[in-house]
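One-letter residues, chain by chain:
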Protein chains: 2
Amino acid sequence: MEYPKAIVDLIDSFKKLPSIGAKSAERLAMYVYSNLDMTDIEEFSTALINVKKNLHKCKVCGNLCEDEECEICSSKKRDHNTIMVVENIKDLYVIEKLNVFNGVYHVLDGAINFQKGIGVEDLTINELIVRAKNPNVKEVIIATNATLEGETTARYVKTLLEGCDCKVTRIAHGLPVGGDINYADEVTVLKALEGRRDY
Amino acid sequence: MEYPKAIVDLIDSFKKLPSIGAKSAERLAMYVYSNLDMTDIEEFSTALINVKKNLHKCKVCGNLCEDEECEICSSKKRDHNTIMVVENIKDLYVIEKLNVFNGVYHVLDGAINFQKGIGVEDLTINELIVRAKNPNVKEVIIATNATLEGETTARYVKTLLEGCDCKVTRIAHGLPVGGDINYADEVTVLKALEGRRDY
């Protein structure tokens, strides 16, 4: 006999998530059945739907939002002339949590990776160049990861921005080389921000 | 700025699951947004609700089912006079997957654990005794884990079954001592089943 269909369906759904294999999926599904009450489950179920239904990318910077523009891009308190370039949305929130940056962002949606076939056309680099050409923009801070892919992307962006009037900076190698912004401790990310240099 | 509400809600739901911390929950929520399509998400969302709505415990053995009695208890092909006693539903399916046991089960819903305050009254031991007193029952196989709690429970069940006519057996210590049925390899579980002895 197999598990009843209801539990098999839930196991199959959990298995679609990253780093959750058959055993973990079984354990999670059984946990949902045994330990969560109907309110928790309904919230979970609704949250799944809403994350797809209510969220989309900010038309300016690529951050997640529930309106046309994200809270950061539509805020009058932010400095719209300093643009921080990040690989992905998670990195954006790592920097936001530090509460030291008052500019706006540009999410590249990844980094150039020849092995995985991720090229310039897969990223939002062209949109960034258009934004940076606005004469009001004072500084573009390139905060891609300190990995091979992040550095390649940074250099490429820097090259394309050479015609612009704005200053182009790169966050310092306070990050351990080869490291990922998302897993660095806050002090390291802070040092990297402070030590940014002309690029 | 925080993540938009939709993503925060999903992160909070993932955090309620075992061994999923803040970082993992964030990663899973972002994965759901970026990598799953609406069909996958709707299936996931429905599966969560159904697991609570459609499933309940078999009134005979405690297995999960969508009807009053589970598929095993209501099957005419199974030997209803051999009862395998397991700690939980996951262990039941570990044994089912071996395809060597044609009897029925009794799920205890845990094991006696004095430290955690799990006593006899929290388990379905009384229901087991009632079933075992049926004169047709030939054998009760105690397949609790080879842990302290599993052994304590096995001994307790054995004592209570002493008045019954049926044979009482215990699966052999083919399981590594201290081990958990759910994580044993199939051959080990098979050996343990074959080597069961009078108890």
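Residues numbered from 1 in each chain as written. Chains lettered and ligands numbered in written order. Predicted model: local features only at pLDDT ≥ 70, side-chain atom pairs only at ≥ 80, totals over all residues. Heavy atoms only, no water.

## Topic: the interface of chain A and chain B
Part 1 of the reasoning: Contacts between the two partners involve 55 residues from chain A and, on the opposite side, 56 residues from chain B.
Part 2 of the reasoning: Approximately 5,700 Å² of surface area, both sides summed, lies buried where chain A meets chain B, with 69% of it carried by carbon and sulfur atoms.
Part 3 of the reasoning: When the buried surface of chain A facing chain B is broken down by residue, Met1, Tyr33 and Lys52 of chain A rank first, second and third, together holding 15% of it.
Part 4 of the reasoning: Applying the counting rule to chain A against chain B returns 6 salt bridges.
Part 5 of the reasoning: Taken together, chain A and chain B are joined by 13 residue pairs in polar contact (both at pLDDT 80 or more).
Part 6 of the reasoning: Counting residues per element, the ones that place at least two in the side of chain A that touches chain B are helix H1 (5-15), helix H2 (22-35), helix H3 (38-53), strand S1 (56-57), strand S2 (64-65) and helix H4 (89-98) of chain A.
Part 7 of the reasoning: Ranked by the residues each element gives to the side of chain A that touches chain B, the list is headed by H3 of chain A, at 13 residues. (Contact = heavy atoms within 4.5 Å. Buried area = accessible area lost by both parts, 1.4 Å probe. Salt bridge = Lys/Arg side-chain N within 4 Å of Asp/Glu carboxyl O. Polar contact = N/O pair within 3.5 Å; in protein donor to acceptor, adjacent residues only side chain to side chain. Helix = DSSP H or I, 4+ residues; strand = E, 2+ residues; numbered from the N terminus.)

## So, the relation of the copies chain A and chain B
Part 1 of the reasoning: Of the transformation superimposing chain A on chain B, the axial component is 0.0 Å and the angular component is 179 degrees, with the fit at an RMSD of 0.1 Å. What we have between these two chains is a two-fold relation. Distance from the rotation axis, computed per C-alpha, reaches its smallest value in chain A at serine 45 of chain A: 2.2 Å. (Least-squares fit on C-alpha atoms with pLDDT ≥ 70 in both.)

## Quick look at the packing of aromatic side chains
Part 1 of the reasoning: Overall, the coordinates contain 7 aromatic pairs over all chains when judged by the stated rule.
Part 2 of the reasoning: When the centroid spacing of 5.2 Å and the interplanar angle of 75 degrees are considered together, the rings of phenylalanine 14 of chain A and phenylalanine 44 of chain B count as edge-to-face. Within this pair, whereas phenylalanine 14 of chain A is found in helix H1, its partner phenylalanine 44 of chain B is found in helix H3 (residues 38-53), the two belonging to separate chains. In terms of burial, phenylalanine 14 of chain A and phenylalanine 44 of chain B fall into one category: buried.
Part 3 of the reasoning: Among the aromatic residues, ring-to-ring pairing joins Phe14 and Phe44 of chain A together with Phe14 and Phe44 of chain B into one connected group.
Part 4 of the reasoning: Of note, lysine 52 of chain A hangs over the ring of tyrosine 33 of chain B, and the distance from its end group to the ring centre comes to 5.9 Å. (Phe/Tyr/Trp six-rings, centres within 6.5 Å; stacked < 30°, edge-to-face > 60°. Buried < 20%, exposed > 50% of the residue type's maximum accessible area, 1.4 Å probe, protein only. Lys NZ or Arg CZ within 6 Å of the ring centre and 35° of its normal.)

## A closer look at H4 of chain A
Part 1 of the reasoning: Most of H4 of chain A is tucked away, with 9 of its 10 residues classed as buried.
Part 2 of the reasoning: Turning to H4 of chain A, its buried residues number three or more, namely Ile89, Lys90, Asp91, Leu92, Tyr93, Val94, Ile95, Glu96 and Leu98 of chain A.
Part 3 of the reasoning: Close packing links the buried residues of H4 of chain A with S1, S2, strand S3 (82-86), strand S4 (104-107) and helix H7 (186-194) of chain A together with helix H2 (22-35) of chain B.
Part 4 of the reasoning: Where H4 of chain A begins, one side-chain oxygen reaches toward the backbone nitrogen of lysine 90 of chain A, 3.2 Å away; that side chain belongs to asparagine 88 of chain A.

## Brief notes about the layout of surface pockets
Part 1 of the reasoning: Here the largest pocket defines a volume of roughly 750 Å³.
Part 2 of the reasoning: Among the elements of the structure, H4 of chain A together with H2 of chain B are those that each provide at least two residues to the lining of the largest pocket.
Part 3 of the reasoning: Tallying contributions element by element places H2 of chain B first for the lining of the largest pocket, with 6 residues.
Part 4 of the reasoning: Per-class residue counts for the lining of the largest pocket are 9 nonpolar, 8 polar and 9 charged.
Part 5 of the reasoning: A volume near 570 Å³ is recorded for the second largest pocket.
Part 6 of the reasoning: In terms of lining residues, the second largest pocket is bounded by 18 residues, among which Met30 and Ser34 of chain A together with Asn88, Ile89 and Lys90 of chain B are the most central.
Part 7 of the reasoning: Elements that contribute at least two residues to the lining of the second largest pocket include exactly H2 of chain A together with helix H4 (89-98) of chain B.
Part 8 of the reasoning: The dominant element in the lining of the second largest pocket, judged by the number of residues it contributes, is H2 of chain A, at 6 residues.
Part 9 of the reasoning: Residue composition of the lining of the second largest pocket, by class: 6 nonpolar, 5 polar and 7 charged. (1 Å grid on protein atoms, 1.4 Å probe; cavity = no way out; pocket = protein on both sides within 12 Å on 5 of 7 lines; lining within 4 Å. Points joined across faces, edges and corners; volume = space filled by probe spheres on them. Nonpolar A, V, L, I, M, F, W, Y, C, P; charged D, E, K, R; others polar.)

## Structural notes on the packing of H4 of chain B against helix H7 (residues 186-194) of chain B
Residues and elements named next belong to chain B.
Part 1 of the reasoning: Contact pair H4 / H7: the axes reach a minimum separation of 10 Å and the direction vectors enclose 90 degrees. Between H4 and H7, the crossing angle belongs to the class labelled roughly perpendicular. On H7, the residues that touch Val94, Ile95, Lys97 and Leu98 of H4 are Glu186, Val189, Leu190 and Leu193.
Part 2 of the reasoning: Tallied by class, the residues present in the contact of H4 with H7 amount to 6 nonpolar, no polar and 2 charged. (Axes fitted to C-alpha atoms, helices over the stretch in contact; angles between N-to-C directions. Parallel < 35°, antiparallel > 145°, perpendicular 65-115°, else oblique.)

## A look at the domain arrangement of chain A
Part 1 of the reasoning: Partitioning chain A into domains gives domain 1 (5-54) and domain 2 (67-194).
Part 2 of the reasoning: On a C-alpha basis, the centres of domain 1 of chain A and domain 2 of chain A stand 34 Å from each other. (Domains from an automatic or database assignment.)

## A word on the nonpolar core
Part 1 of the reasoning: Ile7 and Phe14 of chain A together with Ile7 and Phe14 of chain B are the most contacted members of the largest nonpolar core, which has 135 residues in total.
Part 2 of the reasoning: Here isoleucine 7 of chain B is in contact with Val51, Leu55 and Leu64 of chain A together with Ala29, Met30 and Tyr33 of chain B, once residues within four sequence places are set aside. (Core = buried A, V, L, I, M, F, W, Y, C linked by side-chain atoms within 4.5 Å.)

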